[in-house]
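Per-entry structural report
Now for the letters of each chain:
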Amino acid sequence: MMLRFALVVDPVASEDRRHEFSDTFTVIDPAAPAVQVGDLSAQRGDGIFESLGVVDGHVQEIEPHLARLANSARLCDLPAPHLDQWRAAIERVAAEAGPGESAIKLILSRGIEHGSAPTAWITLAEAPDSAGARTEGVRVVTLDRGYASDVPERAPWLLLGAKTLSYAVNMAAIREAKRRGADDAVFVTSDGFVLEAPTASIVLRLDDRFVTPTPSAGILHGTTQRSLFAFLERRGFGTDYATVPAEDLVRADAAWILSSVRLAAPISAVDGRERAVDRTLTDEINAYLLSPRD
Ligand code: PLP
């Protein structure tokens, strides 16, 4: 994604400066060096982030993203983000977004090695063109995530459920999917249950019920999935968090991968088996997801 604008945020700006948050941001050239080589985000991927969709200058779902940022910070023992400061920074960045779709990324790093303070910044980028994925759909392969469904409880230090900057595994899974001739991956547990895609949530339609894997299974609780469930409930559909066997990816009447910037991409094949795509419903879902949402 081409970066268009960036702000460094000072997350430890003293309380007395915080009444004027704009004092705690610095506009930087997004193409110039800005992060120190000792920053633990660069050295160890030790930090957290959020990606927010922006449509015609409107930032979607700011509060759910900030709540998840705060939750990730808690899981990672990072200082609690100052949410009013982040709201103000998002507003400042959004003012630079033109018409069309863009993406805002919030990054909170543990900071410089041996330093005492976290570092933080925000970027604005043009969103990649997702038209093909939204209409034609994506072909996925299922990939073993390498752990059983009880691991999140047994090993909280794996930080499953936190949106950490350590996405090397997620990116490797997408490369593996491409090597296998697909567009994307769906992680499954070693005992055969659906988790999530490397950068998206999974929602299935089973008759008139829409289901998604329960977030306590060690996945991110998607803001787009939550927003979609609210939309579907308003239309009278049932929605559920469930334990989803991998076979349901093929058996379901329809299946989507959902995320803040690509939005809803119908799944058109699973491990080389074609599956039906509901174009009409997908178009309605994406029209909703593109409308201003708070
Ligand atoms: N799961 C993972 C691993 C992700 O990276 C993302 C997207 O950022 C999601 C799920 C979907 O979350 P959201 O809908 O909030 O973008």
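Residues numbered from 1 in each chain as written. Predicted model: local features only at pLDDT ≥ 70, side-chain atom pairs only at ≥ 80, totals over all residues. Heavy atoms only, no water.

**Structural notes on the domain arrangement of the chain**
Worth spelling out the cut-off: Domain boundaries shown here were taken from an automatic or database domain assignment. By definition, residues are in contact when any of their heavy atoms lie within 4.5 Å. Summed over both partners, the accessible surface that disappears when two parts come together, traced with a 1.4 Å probe, is what is meant by buried area. Between Lys or Arg on one side and Asp or Glu on the other, a salt bridge is scored when a side-chain nitrogen of the former is within 4 Å of a carboxyl oxygen of the latter. Polar contacts, as counted here, are pairs of nitrogen or oxygen atoms within 3.5 Å of one another; within protein the pair requires one atom able to donate a hydrogen and one able to accept it, and residues that are adjacent in sequence qualify only if both atoms are side-chain atoms. Segments assigned H or I by DSSP are reported as helices when at least four residues long, segments assigned E as strands when at least two residues long, and all are numbered from the N terminus.
Structurally, the chain comprises domain 1 (3–126) and domain 2 (131–290). Relative to domain 2, the C-alpha centre of domain 1 lies at a distance of 26 Å. Between domain 1 and domain 2, the residue contacts involve 23 residues of the former and 18 residues of the latter. For the pairing of domain 1 and domain 2, the buried interface totals around 1600 Å² over both sides, and the portion due to carbon and sulfur atoms is 60%. Contact with domain 2 buries area across many residues of domain 1, yet Phe 49, Arg 68 and Glu 101 alone supply 34% of it, more than any other trio. Where domain 1 meets domain 2, there are 1 salt bridge. Between Arg 134 and Glu 101 there is a salt bridge, and its shortest N-O distance comes to 2.7 Å. Remark: the boundary between domain 1 and domain 2 carries 10 residue pairs in polar contact (both at pLDDT 80 or more). Of all the elements in the fold, those that place two or more residues in the side of domain 1 that touches domain 2 are α1 (40–44), β3 (47–55), α2 (62–75) and β5 (101–109).

**Side note on helix α7 (residues 223–234)**
To keep it simple, the criterion reads: Multiplying 1.5 Å by the helix residue count minus one yields the expected span of that helix.
The end-to-end C-alpha separation of α7 is 17 Å, in line with the 16 Å expected for 12 residues at 1.5 Å each. The secondary structure elements touched by the buried residues of α7 are α2, β9 (201–206), β10 (209–213), β11 (238–242), β12 (254–259) and α9 (279–290). Immediately beyond the C-terminal end of α7, within one or two residues, lies Gly 236, with a positive phi of roughly 90°.

**Some thoughts on the nonpolar core**
What counts here: Nonpolar cores are built from buried Ala, Val, Leu, Ile, Met, Phe, Trp, Tyr and Cys residues. Side-chain atoms within 4.5 Å join them into one set. Accessibility here uses a 1.4 Å probe with only protein chains present; expressed as a share of the type maximum, an area under 20% marks a residue as buried, one over 50% as exposed, and anything in between as partly exposed.
With 27 residues, the main nonpolar core has Trp 86, Ile 90, Ile 104, Leu 106 and Ile 122 as its most contacted residues. Elements supplying a minimum of two residues to this core: β1 (3–9), β3, α2, α3 (83–94), β5 and β6 (119–126). When residues in this core are grouped by element, the largest group, 5 residues, is from α3. Setting aside anything within four residues of it in sequence, one finds Trp 86 in contact with Leu 66, Leu 69, Pro 81, Leu 106, Ile 107, Leu 108, Ala 120, Trp 121 and Ile 122.

**Quick look at the pattern of salt bridges**
Evaluated as defined, the whole model comprises 19 salt bridges. For Arg 235, the salt bridge is made with Glu 284, and the minimal N-O distance between the two is 2.5 Å. Of the two residues, Arg 235 sits in the loop between α7 and β11 while Glu 284 sits in helix α9, which places them 49 residues apart along the sequence. Residue classification places Glu 284 among the partly exposed positions, given a relative accessible area of 32%. Each of Glu 63, Asp 84 and Arg 87 takes part in a single network of salt bridges with overlapping partners.

**Looking at the packing of aromatic side chains**
How we decide: Side-chain rings of Phe, Tyr and Trp (the six-membered ring for Trp) are treated as a pair once their centres are within 6.5 Å; stacked means planes under 30 degrees apart, edge-to-face means over 60, and tilted covers the remaining angles. In this scheme, Lys NZ or Arg CZ marks a charge over a ring once it lies within 6 Å of the ring centre and within 35 degrees of the ring normal.
Tallied over the full model, the rule gives 5 aromatic pairs. On the basis of an interplanar angle of 75° and a centroid distance of 5.2 Å, the ring pair of Phe 210 and Phe 237 is categorised as edge-to-face. Of the two residues, Phe 210 is situated in strand β10 and Phe 237 in the loop between α7 and β11; the sequence distance between them amounts to 27 residues. When sorted by exposure, Phe 210 lands in the same class as Phe 237, which is buried. Centre to centre, the rings of Phe 231 and Tyr 288 are 4.3 Å apart; their planes meet at 15°, and the pair counts as stacked. Taken as a pair, Phe 231 in helix α7 and Tyr 288 in helix α9 lie far apart in primary sequence, 57 residues in all. When its relative accessible area of 12% is taken as the criterion, Phe 231 is described as buried. Through pairs of rings, three or more aromatic residues link up here, namely Phe 210, Phe 237 and Trp 256. Of note, Arg 145 hangs over the ring of Phe 187, and the distance from its end group to the ring centre comes to 5.0 Å. Positioned above the aromatic ring of Tyr 288, the side-chain terminus of Arg 293 is 5.8 Å from the ring centre.

**Examining the environment of Ile 174**
As for its position among the elements, Ile 174 is in helix α6 (residues 168–179). Sequence-wise, Ile 174 and Leu 143 are 31 residues apart; in three dimensions their C-alpha atoms are separated by 9.8 Å. Beyond its immediate chain neighbours, meaning those up to four positions away, Ile 174 contacts Asp 183, Asp 184, Pro 198 and Thr 199.

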